[in-house]
Amino acid sequence: MTAAAGRHAGKVAVVTGGGSGIGAASARRLSREGASVVVADVDGEAAARVARELPGPAAPVAADVSTVAGVDAYVDAAVERFGRIDLHHLNAGVLGTMAPLPDVDPADFDHVIAVNLRGPFLGLRAAFRRYREQESGGAIVVTASISSLRGAADQLPYQTSKHGVLGLVRGAAMYGGPRGVRVNAVAPGLIPTAIFGDRLAGVEQRGGTVPMRRVGTADEIAGVVAFLLGEDASYITGEVVSADGGAFMVNTVTRSGGSGAWTPQD
C-alpha cells in the first residue's frame, strides 16, 4: 500500500451528499485511503448503496443537511458507530432554478440557499462542536464551485449560495486555525453528475471551451478533497482550490482567451 493509499488510515470521515456524484467519489477515495466513512445523503437508499460498495468500514445515514436534525443525525451516527469524527467533506448541494432574475421564485431561491449555504453552516458548526468535545483538531473541506468565483446570469440562486460558501470557509478557517482545525474549499468546474439532470448534454459540450478542452470527473475532484483533508496539506487553510480544467484563468475578452475556441487550432 502506498503512502497516499493509507494516508487516512485510522481516521473517521463524514461525507454529505455522499449518495452520488462528487460525494460518492469522495467517499470511495477516502475509504480506499483507510478512513471509516459515514455516507450522509437526503436519499437514504443511495447512501446505503454507496456505503455497501466501500472497501472499508462505512455507515449510511439519511439526512437533510439543511436542518439541525439532519446534521445531528449524521454526527450522532458517526460517533455511535466509530466513536469520533476527524474529517468532514461538506458536499451536499442542489443546482436549483435557471430562471432569469425577474422570474426566480423566492421559494426556489430559499431552497437552494437552505441546502447549499445553511447546510455547510450547520455542518461547520457541528464539526467544531464535535472537535471541542473530542478536544481534537481536524480537517474540513466544503464543496464550492466555479460559480463561487465568477458571475453568470442563468443560475442566480446557486451562484449566490456558492459565493456565500467562501465566506463560511474563510471565517471558519480563521476560527479554526488556533484550534488545530483546517478548513478549505474545492471549486469544481464542469463535472457531469446527476445534479445537472437533463442539462448534462450541455455540460459536456461546454467542456470543450476550457483550456483542457474537456469536462472533469467526480474522481478528479475526490482526489483534491483527499489531499486537502490529509497531512500533505497540513499548512493549507482558508484556501479555495479550483479544479476546473483551467476555466477560472480564462480571459473571455481576448481573442485567444478560450471562450468559444473549440479546437486548439483556433
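Read on for a plain summary of the structure. (Residues numbered from 1 in each chain as written. Predicted model: local features only at pLDDT ≥ 70, side-chain atom pairs only at ≥ 80, totals over all residues. Heavy atoms only, no water.)

1. A word on the overall build of the protein chain
- Check the secondary structure of the protein chain and you find seven helices and seven strands.
- Listing the helices and strands of the protein chain from first to last along the sequence gives β-α-β-α-β-α-β-α-β-α-β-α-α-β.
- Here the C-alpha atoms of the protein chain give a radius of gyration of 18 Å, agreeing with the 18 Å that 2.2 N^0.38 yields for 266 residues.
- When the backbone C-alpha atoms are referred to their principal axes, the protein chain occupies close to 55 × 45 × 40 Å.
- Considering the protein chain as a whole, with its 266 residues, one finds that 50% of them fall into the buried category.
- Restricting the contact set of the protein chain to residue pairs at least 6 apart, pairs at least 24 apart contribute 67%.
- Put simply, the protein chain shows about 12,500 Å² of open surface, and 54% of that area lies on carbon and sulfur atoms.
- Of the side chains in the protein chain, 24 bear a positive and 26 a negative charge, and the two mean positions are spaced by 6 Å. (Helix = DSSP H or I, 4+ residues; strand = E, 2+ residues; numbered from the N terminus. Rg over C-alpha atoms; globule rule 2.2 N^0.38 Å. Buried < 20%, exposed > 50% of the residue type's maximum accessible area, 1.4 Å probe, protein only. Contact = heavy atoms within 4.5 Å. Areas by Shrake-Rupley, 256 points an atom, 1.4 Å probe, with all protein chains shown as cover. Lys, Arg positive; Asp, Glu negative; His and termini not counted. Charge placed at Lys NZ, Arg CZ, Asp CG, Glu CD.)

2. Details of the nonpolar core
- Tyr74, Leu124, Phe128, Ile140 and Val183 are the most contacted members of the largest nonpolar core, which has 36 residues in total.
- Mapped onto this core, the elements with two or more residues apiece are β1 (12-16), β2 (36-41), β3 (58-62), α3 (68-82), α4 (106-134), β5 (138-143), α5 (156-176) and β6 (181-188).
- Counting residues per element, this core draws most heavily on α4, which supplies seven residues.
- Sequence-distant contacts of phenylalanine 128, defined by excluding residues within four places in its chain, comprise Ile140, Ala172, Tyr175, Gly176, Val181 and Val183. (Core = buried A, V, L, I, M, F, W, Y, C linked by side-chain atoms within 4.5 Å.)

3. Quick notes on the packing of aromatic side chains
- Throughout the structure, instances matching the rule amount to two aromatic pairs.
- Centre to centre, the rings of phenylalanine 128 and tyrosine 131 are 6.4 Å apart; their planes meet at 90°, and the pair counts as edge-to-face. Of the two residues, phenylalanine 128 and tyrosine 131 are both situated in helix α4; the distance of three residues between them amounts to about one turn of the helix.
- Residues phenylalanine 128 and tyrosine 175 carry aromatic rings whose centres are separated by 5.3 Å and whose planes lie at 75° to one another, so their mutual orientation is edge-to-face. Residue phenylalanine 128 is found in helix α4, and its partner tyrosine 175 is found in helix α5; the two are separated by 47 residues along the sequence.
- For phenylalanine 128, a relative accessible area of 13% gives the class buried. (Phe/Tyr/Trp six-rings, centres within 6.5 Å; stacked < 30°, edge-to-face > 60°.)

Distances and angles like these do not, on their own, reveal function.
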